[in-house]
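Fold and geometry: a report
For reference, the chains in residue letters:
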Amino acid sequence: MKSLSIALKDLQILFKNRGEVIQLFLLPLLFIIVFSGALGALGEGEEDTRVPLPIVDLDGGEAAQSLLAGIDAAGGVRTELYEQAQAQSLIEENDISRMLIIPADFTSGTAQGDTVELTLISHPDADIQQTEAVRLVIVGVASDLALERQILASLRQMGDMQANAPEEYQVFNTDRVLAQARIQFERAQTQPLIEVVQTVPSEEGEREETPDLGVVAVAGIAVLFVFGTAQVTARSIYDEKKVGSFRRLLAAPMSKAALLSGKMLPNIVVGLIQFTVIFAFGIFGLKLLGLASPSLGNDPLAVVLVCLIICLCSTAFGILIAALARTENQIGGLTSILVWGLGIVGGAFIPIFILDQFLGPVVKIIPQYWANRALSNLMLRGLGLADVATEIAVLLGFTVIFFLIGLWRFDFD
Amino acid sequence: MKAIYDTLSVAGKEIRLIAADRGALAVLLILPVLLGSLFAGLNLMLVTEEGNPNILLNVALVNEDSDVFGEEVAKSILNIDELDVRILTNVSDAEQRVTEGEVAAAIIIPADFSEKIDSYSPTEIEVIVDPAEPESASIVTGIMNQVVAEVTVWGEIQYGIRTIMGESDLLANANPEELRSIEAQNLGVIMTQLNELRRNPAIAVISENLEGAKVEGGIELFITFLFPAFTVMFIFFIVGTESSSLLQEREAGTLRRLLAAPIPRWTVIAGKMLAYGLLVCLQVVILFTLGYVLFDITLGRDPFALVVITITVAFVAVSLGMLVAAFARTSSQADNVGMILAFVMAGIGGAFPLWPPIFRSGGFIGTLSKFTPHAHALEGYYSVMAENAGLAQILPQLGFLWLMGLVFFLIAVWRFKFE
């Protein structure tokens, strides 16, 4: 009961501080918006954001037409036709950043099976990443076009091998070979012989779906900011010590344990509100913005339990920081390294498979890493409570260790 | 002369205070160094010196097709350096491992794969990916698209040859030995073509600049973007530190004492701004030195332009700090507002390590980003460092930044209450 009234008082103080409220609840939403690409989506549809690609078509033949149609269809790049002299002078003035030259022998060359070269010329100041993206689009379209040529070349080669066969078996004549290659090429455009289909595992067999960075970011950012609440706990303890109200509380007829748990409760409540706000935004807000959104997975109760444990761990973290730091500045320093630094290393922004490779076992001593693992197992992979038993045990272990060190080093006066 | 001395002594006092504030120094100096190194190190590790991806992903392979095309795909997958392949026999076992996050993806070659290709009917290879790891999913699918491209060419050629041959009586009349030799020729043609495909593509795409030099993209550029991005982001964290320190002095009453001292009022402000401006320059020097020494970032060909833009950005950041101090009521409010401003503007202005940078992305958000000092600062740094721009080319950015800084500064001076 006494703990409760201390907790209530702390929550009142916290919610009066608008800056802190914004930092705890709105900042994570901003992060999600940035990482889910919602910012980019805002501007879409209003204007043509495709990269313009000036084309100098010296060929004008059928193959050049298919190439241009292919580039336009690939998305991201928009072709614009220019005369060679005009394009040359524009690019020298940096009025256009790059141009693609289709050589005069492009159609005849591809038809005959010669190697032909497309040249992408860019101004030295052109954005190199964009140039590379444009180049990849052209390479993709060109390799589709090349399929026709490859079929053609092989049919010719086979014809050559059959050259010594009797007259009635000479079926590989030029017209027949060309027609066959064309038929197959056209079919391959609409119906590729082999397709790679990407799916994700799910209860009802596989779903065809592309995993989305924004969806993955929601849980990671929630974990980062819930651990960030540790800073609030540490600072609130420090503030009370500074103004002396902590000592007065000690004089009140209640145990130290009740006092300390009263200081811990608000952190847990705040953490749970954070999870609710962030997940609600992730699940409903992203959907409203027309983006892919995460779900709570197949075992929402397990998600709730894990969230509660993460809040406990974050609180114990706060007590630890309050016990270790002696000045307000040290609190700032310790939290910026332990909470934000470790949080980022713990998988909030960097995929875990990369971290495993880069830092090896080191990531395993970061509590946020385990929190991220537990949530992504439940929410993204659709696993159940039993599958995150290890993660839960480790998080509880961290909680106990932090709390014990905190209690041991805690200076009540 | 005396005013300069006064300003310097206020700045000197402030610097001693900053040096004692380990929390602020950790946020302003250590955190960006750690994050910059981490991100740069990660990105370098992921790419070999030749520019190829340097990663190792665990994947499961289930080949239910015992015939030639299935074998060929399986062989190609096993030869790919980026994949650590575990061969499984059971699809649900493989799927289970993906679900548990044990492998990044499971590649399933269906039982009728070769049969379908032989009869020229479309078939597919399924890649079951881990929904928790979008990056590895797209890498595996990308690799599989390449693997499949070769087998597709094979299947297409085989079909073409068979179709045409089928039009004569050649196959019908051939004896088994002739048939075998035709098949061998068929295979020979396919292998020749596949080798040709690997050696030189039918349509080559050459990327060069006006002087005919080859254009290279790549990871170095991203890292050269990364350091200015982190630097600009953390420079603006000074806003919270600076404004809350000024207001703390007002709350503690030391500001009043300074005012009572025989120095002009403005030197108190100028001294504060100078101290924090120097801290910003120190941030830039530390981060760029680190990037240069450890990660080979390029600094461009105009060091003077770098100095000018750094001083300019420092001026904007400390003016913004003064502005926040002028409007905030308490020091903790100033601290919070400063931190939120720093994060929000970094996000909108493109100082997060995302590629391509927002300030160059155009559209609504591109325009929005132009309202932050971050976008102009980054455009300036990036042009000088990665694109060899000189001072003249970044004059528009510099002009814009000075304008912003002056506006912030004038409003701050007008609104700030010393007592």
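Residues numbered from 1 in each chain as written. Chains lettered and ligands numbered in written order. Predicted model: local features only at pLDDT ≥ 70, side-chain atom pairs only at ≥ 80, totals over all residues. Heavy atoms only, no water.

A few words now on the overall build of chain A. The helix and strand tally for chain A stands at 16 helices and 6 strands. In chain A, which comprises 413 residues, the share counted as buried stands at 52%. A separation threshold of at least 6 residues defines the contact pool for chain A, and within that pool the share at least 24 residues apart is 73%. Total accessible area on chain A is roughly 18100 Å²; 59% of this is exposed by carbon and sulfur atoms. (Helix = DSSP H or I, 4+ residues; strand = E, 2+ residues; numbered from the N terminus. Buried < 20%, exposed > 50% of the residue type's maximum accessible area, 1.4 Å probe, protein only. Contact = heavy atoms within 4.5 Å. Areas by Shrake-Rupley, 256 points an atom, 1.4 Å probe, with all protein chains shown as cover.)

The number of helices and strands found in chain B is 17 helices and 5 strands. Out of the 419 residues belonging to chain B, those deemed buried represent 55%. About 18000 Å² of surface is accessible on chain B, with carbon and sulfur atoms providing 61% of the total.

Turning our eyes to something else, we now look at the domain arrangement of chain A. Per the domain assignment, the segments making up chain A are domain 1 (2-44 + 212-409) and domain 2 (51-196). The distance between the C-alpha centroids of domain 1 of chain A and domain 2 of chain A comes to 54 Å. (Domains from an automatic or database assignment.)

Before going further, it helps to examine the packing of helix H8 (residues 174-190) of chain A against helix H6 (residues 134-166) of chain B. The relative placement of two packed helices comes down to the angle between their axes together with the axis-to-axis distance. The interhelical angle for the contact between H8 of chain A and H6 of chain B, taken along N-to-C directions, is 140°, at an axis separation of 10 Å. Here H8 of chain A is positioned oblique relative to H6 of chain B, judged by the angle of their axes. For H8 of chain A against H6 of chain B, the interelement crossing comes out right-handed. Facing Arg176, Val177, Gln180, Gln184 and Ala188 of chain A of H8 of chain A, the residues of H6 of chain B in contact are Glu156, Tyr159, Gly160, Thr163 and Ile164 of chain B. Here the residues of the contact of H8 of chain A with H6 of chain B are counted per class, giving 4 nonpolar, 4 polar and 2 charged. (Axes fitted to C-alpha atoms, helices over the stretch in contact; angles between N-to-C directions. Parallel < 35°, antiparallel > 145°, perpendicular 65-115°, else oblique. Left-handed = near helix turned anticlockwise from the far one by under 90°. Nonpolar A, V, L, I, M, F, W, Y, C, P; charged D, E, K, R; others polar.)

With that settled, the discussion passes to the pattern of salt bridges. For the coordinates displayed, the defined rule picks out 18 salt bridges over all chains. With a shortest N-O distance of 3.0 Å, Asp6 of chain B and Lys2 of chain B are connected by a salt bridge. Here Asp6 of chain B and its partner Lys2 of chain B are both found in helix H1 (residues 2-20), 4 residues apart, which amounts to about one turn of the helix. When the shortest N-O distance is used, the salt bridge between Arg162 of chain B and Asp118 of chain B registers 3.6 Å. Of this pair, Arg162 of chain B sits in helix H6 while Asp118 of chain B is found in helix H5 (residues 113-118), placing the two residues 44 residues apart along the sequence. Using a relative accessible area of 33% as the deciding quantity, one classes Arg162 of chain B as partly exposed. Relative accessible area serves as the criterion here: at 34%, Asp118 of chain B is assigned to the partly exposed category. Linked through salt bridges whose partners overlap, the residues forming this network are Lys9, Asp10, Glu240 and Lys263 of chain A. (Salt bridge = Lys/Arg side-chain N within 4 Å of Asp/Glu carboxyl O.)

In this section: the pairing of strand S2 (residues 83-88) of chain B. Residues and elements named next belong to chain B. Looking at chain direction, strand S1 (residues 57-63) and S2 are connected through 6 bridges and run parallel. Counterpart to Val59 in the pairing with S2 is Val85. The parallel pair S1 and S2 is bridged by helix H3 (residues 68-78), and the resulting crossover is right-handed. (Pairing = 2+ DSSP bridges. Right-handed = clockwise from strand over helix to strand, strands pointing away.)

Further remarks concern the packing of aromatic side chains. Enumeration according to the criterion identifies 16 aromatic pairs over all chains in this entry. When the centroid spacing of 5.7 Å and the interplanar angle of 35° are considered together, the rings of Phe227 of chain B and Phe295 of chain B count as tilted. In this pair, Phe227 of chain B sits in helix H9 (residues 219-235) while Phe295 of chain B sits in helix H12 (residues 265-295), placing the two residues 68 residues apart along the sequence. The burial state of Phe227 of chain B is the same as that of Phe295 of chain B; both residues are buried. Taken together through their ring pairs, the aromatic side chains of Phe227, Phe317, Phe398 and Phe402 of chain A make up a single cluster. Across the ring face of Tyr120 of chain B, the terminal group of Arg187 of chain A is positioned such that the distance to the ring centre comes to 4.2 Å. Directly above the aromatic system of Trp414 of chain B lies the positively charged group of Arg415 of chain B, at a separation of 5.7 Å from the ring centroid. (Phe/Tyr/Trp six-rings, centres within 6.5 Å; stacked < 30°, edge-to-face > 60°. Lys NZ or Arg CZ within 6 Å of the ring centre and 35° of its normal.)

Okay, the nonpolar core next. Counting 160 residues, the largest nonpolar core has Phe275, Phe279, Ile310 and Leu375 of chain A together with Phe236, Tyr381 and Phe416 of chain B as the members making the most contacts within it. In terms of residue count, helix H13 (residues 303-327) of chain B provides more of this core than any other element does, 16 residues in total. Discounting residues that sit within four places of it in the chain, Tyr381 of chain B has contacts with Pro228, Val232, Val284, Phe288, Leu306, Ile309, Thr310 and Val313 of chain B. (Core = buried A, V, L, I, M, F, W, Y, C linked by side-chain atoms within 4.5 Å.)

On to the confidence of the model for chain B. Residue and element names in this part refer to chain B. Scored by pLDDT, chain B comes out at a mean of 83, with 90% of its residues at no less than 70. The least confident element of chain B is helix H7 (residues 170-173), whose mean pLDDT is 70; the most confident is H13, at 94. Among the prediction metrics, the complex's ipTM stands at 0.71, with pTM recorded as 0.73. (pLDDT = per-residue confidence, 0-100.)

Further remarks concern the packing of H13 of chain B against helix H16 (residues 373-386) of chain B. Residue and element names in this part refer to chain B. Contact geometry of H13 with H16 gives a least axis separation of 10 Å together with a crossing angle of 170°. Judged by the angle between their axes, H13 and H16 are roughly antiparallel. Packed against H13, whose contacting residues are Ala305, Leu306, Ile309, Thr310, Val313 and Val316, the element H16 presents Pro373, Ala377, Gly380, Tyr381, Val384 and Met385 at the interface. When its residues are assigned to classes, the contact of H13 with H16 shows 10 nonpolar, 2 polar and no charged.

Our next topic: the sheet that holds strand S4 (residues 116-122) of chain A. As summarised here, the arrangement of the 5 strands in space is S2(A)-S1(A)-S3(A)-S4(A)-S5(B), forming an open sheet in which the pairing is mixed. This sheet does not close on itself; its edge strands, each paired only once, are strand S2 (77-82) of chain A together with strand S5 (203-209) of chain B. Averaged over all adjacent pairs, the angle separating strand axes in this sheet is 25°, with direction ignored. When strand S1 (residues 51-57) of chain A meets strand S3 (residues 98-102) of chain A, the two strands line up parallel, connected through 3 bridges. Paired with Ile55 of chain A across the two strands is Leu100 of chain A, which belongs to S3 of chain A. Across the sheet, helix H4 (residues 62-74) of chain A lies against S1, S2, S3 and S4 of chain A, angled at about 140° from S2 of chain A, the strand it touches most. Docked against the sheet, helix H5 (residues 84-92) of chain A engages S1, S2, S3 and S4 of chain A, running at close to 155° with respect to S3 of chain A.

When the domains of chain B are assigned, the result is domain 1 (2-45 + 213-415) and domain 2 (57-199). Once you take the C-alpha centre of each, domain 1 of chain B and domain 2 of chain B turn out to be 54 Å apart.

Turning our attention to helix H1 (residues 2-16) of chain A. Residue and element names in this part refer to chain A. Between its first and last C-alpha atoms H1 spans 22 Å; for 15 residues at 1.5 Å apiece the expected length is 21 Å, and the two agree. Listing the buried residues of H1 in full gives Ser3, Ile6, Ala7, Asp10, Leu11 and Leu14. For H1, the buried positions fall inside an angular range of 135° around the axis, keeping them on one side. Exposed side chains of H1 directed beyond 90 degrees from the buried face belong to Leu8, Gln12, Ile13 and Lys16. (Expected span 1.5 Å × (residues − 1). Arc of directions from axis to C-beta.)

Further remarks concern the pairing of S4 of chain A. Buried residues dominate S4 of chain A, accounting for 6 of its 7 residues. Note that S3 of chain A and S4 of chain A share 4 bridges and pair antiparallel. Considered in S4 of chain A, the bridge of Ile101 of chain A is made with Thr119 of chain A. For S4 of chain A and S5 of chain B, the ladder comprises 7 bridges, and the chain directions are parallel. By the bridge assignment for S5 of chain B, Glu117 of chain A is matched with Ala204 of chain B.

Our focus in this paragraph is the side chain of Gln180 of chain A. Residue position: Gln180 of chain A is located in helix H8. A residue is classified by how much of its surface remains accessible, and Gln180 of chain A, at 3% relative accessible area, is buried. A distance of 2.9 Å separates the side chain of Gln180 of chain A from the side chain of Gln184 of chain A, its partner in a polar contact. Those residues in contact with Gln180 of chain A, other than ones at most four positions away along the chain, are Leu155 of chain A together with Tyr159, Gly160, Thr163 and Ile164 of chain B. (Polar contact = N/O pair within 3.5 Å; in protein donor to acceptor, adjacent residues only side chain to side chain.)

In this section: unusual backbone geometry. All names here are of chain B. For Tyr120, which is not glycine, the phi dihedral falls at a positive 55°. Mapped onto the elements of the fold, Tyr120 is located in the loop between H5 and strand S4 (123-129). Of note, the phi angle at Asn388 is positive, near 60°, even though the residue is not glycine. With respect to the element layout, Asn388 can be found in the loop between H16 and helix H17 (395-415).

The next subject is the side chain of Asn377 of chain A. All names here are of chain A. By secondary structure assignment, the location of Asn377 is in helix H15 (residues 367-380). Note on Asn377: relative accessible area 6%, which makes it buried. Polar side-chain contacts of Asn377 include one of 2.6 Å to the side chain of Arg381. If we ignore the near neighbours within four places in the chain, the residues touching Asn377 are Gly382, Leu383, Asp387, Val388 and Glu391.

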